[in-house]
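# Analysis of the macromolecular model
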Amino acid sequence: MELETTRLRLESFELAHFDGLRAMESDPEIMRYISNGVVKTPEETLTSIERVQSRWQRYGFSWWAMREKESGEIVGACCLQHLANQDGAPLEIGWRLNANYHGKGFATEAAQAIVKFAVEKVGVKYLVAVADPENAASQKVMQRLGMTYKAIEQHYDVPCVVYELHL
């Protein structure tokens, strides 16, 4: 399942995305808000690609690799998934970017495409997004999407700021 924006092509995770995903998942600075700076091994990246492919088959949505159209580079990843990967939980949108692409609006652009997909293809009326309470950049993306602050809740075994969007 591919989605397109002005500058991005969102591609469901494939083995061809391994190197681009490894660039993010092996960078402690990028992973600081995701896993307290603990990087993934190559094997863990491969396992996550396989797990995401399974979720695509099961749900019809999951994680996309964000490819910049102009350069063809993987600039990040974004998702629509059940919050904390718990069946029956509200659907969550999320994103992460390679360091070279921070501050260029790619997360907002990709998230807008995912919101549209969630509404038009999945029939969603409510979405959430979560972030480390210190991750101000992600919270700004949430606000640009029109999301409103809900609370700090425990998800993924850590306290998370939660924003919500009623559609």
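Structure first, text after, so check above.
The text that follows walks through the structure, step by step, so that each part is easy to find. (Residues numbered from 1 in each chain as written. Predicted model: local features only at pLDDT ≥ 70, side-chain atom pairs only at ≥ 80, totals over all residues. Heavy atoms only, no water.)

With that settled, the discussion passes to the pattern of salt bridges. On inspection of all chains with the given rule, the structure shows nine salt bridges. Notably, a salt bridge pairs Lys69 with Glu4, separated by 2.8 Å at the nearest N-O pair. On the criterion of sequence distance, the pair formed by Lys69 in the loop between β3 (63–68) and β4 (74–82) and Glu4 in strand β1 (residues 2–4) is long-range, its members being 65 residues apart. Residue Lys69 is classed as partly exposed on the basis of its relative accessible area, which comes to 33%. Arg32 is the salt-bridge partner of Glu29, the closest N and O atoms lying 2.6 Å from each other. Residue Glu29 and its partner Arg32 are located together in helix α2 (residues 28–35), separated by three residues, close to a single helical turn. Residue classification places Glu29 among the partly exposed positions, given a relative accessible area of 47%. Look at Arg32 and you get partly exposed, because its relative accessible area is 32%. (Salt bridge = Lys/Arg side-chain N within 4 Å of Asp/Glu carboxyl O. Helix = DSSP H or I, 4+ residues; strand = E, 2+ residues; numbered from the N terminus. Buried < 20%, exposed > 50% of the residue type's maximum accessible area, 1.4 Å probe, protein only.)

Looking now at the side chain of His155. Its place among the elements puts His155 in strand β7 (residues 148–155). With sequence-adjacent residues up to four places away left out, His155 is seen in contact with Leu83, Val130, Cys160 and Val162. (Contact = heavy atoms within 4.5 Å.)

Our focus in this paragraph is unusual backbone geometry. Phi angles above zero are rare outside glycine, and Asn36 is one such case at about 55 degrees. Looking at where Asn36 falls in the secondary structure, it is placed in the loop between α2 and α3 (42–59). A positive phi angle is found at Tyr156, which is not glycine, with a value near 55 degrees. Note that Tyr156 resides in the loop between β7 and β8 (158–166).

Turning to the sheet that holds β8, a few remarks are in order. If you walk across this open sheet you meet the eight strands as β1-β2-β3-β4-β5-β6-β8-β7, and the pairing is mixed. One side of each edge strand has no neighbouring strand; the edge strands of this open sheet are β1 and β7. Taking each pair of neighbouring strands and ignoring which way they run, the sheet shows an average axis angle of 25 degrees. Where β3 lies against β4, five bridges are found, and the strand directions are antiparallel. The partner of Trp63 across the bridge, within β4, is Cys79. (Pairing = 2+ DSSP bridges. Axes fitted to C-alpha atoms, helices over the stretch in contact; angles between N-to-C directions.)

Right, let's talk about the layout of surface pockets for a bit. One number sums up the size of the largest pocket: a volume of about 1200 Å³. Forming the boundary of the largest pocket are 47 residues, of which Tyr33, Ile34, Trp63, Trp95 and Arg96 lie nearest the centre. If you list the elements that add at least two residues to the lining of the largest pocket, you get α2, α3, β4, β5 (91–97), α4 (106–122), β6 (126–131), α5 (136–144) and β8. Of the residues in the lining of the largest pocket, the class split is 24 nonpolar, twelve polar and eleven charged. (1 Å grid on protein atoms, 1.4 Å probe; cavity = no way out; pocket = protein on both sides within 12 Å on 5 of 7 lines; lining within 4 Å. Points joined across faces, edges and corners; volume = space filled by probe spheres on them. Nonpolar A, V, L, I, M, F, W, Y, C, P; charged D, E, K, R; others polar.)

The two faces of a sheet get side chains in turn, since along a regular strand they alternate between them. Burial of β5 is extensive: seven of the seven residues sit out of reach of the surface. Every second residue of β5 is oriented toward a common face, with Leu91, Ile93, Trp95 and Leu97 on one face and Glu92, Gly94 and Arg96 on the other, all of them buried. When β4 meets β5, the two strands line up antiparallel, connected through seven bridges. Directly across from Cys78, in β5, lies its bridge partner Trp95. Relative to β6, β5 is paired through two bridges, and the arrangement is parallel. Looking at the pairing, Leu91 lines up with Leu127 of β6.

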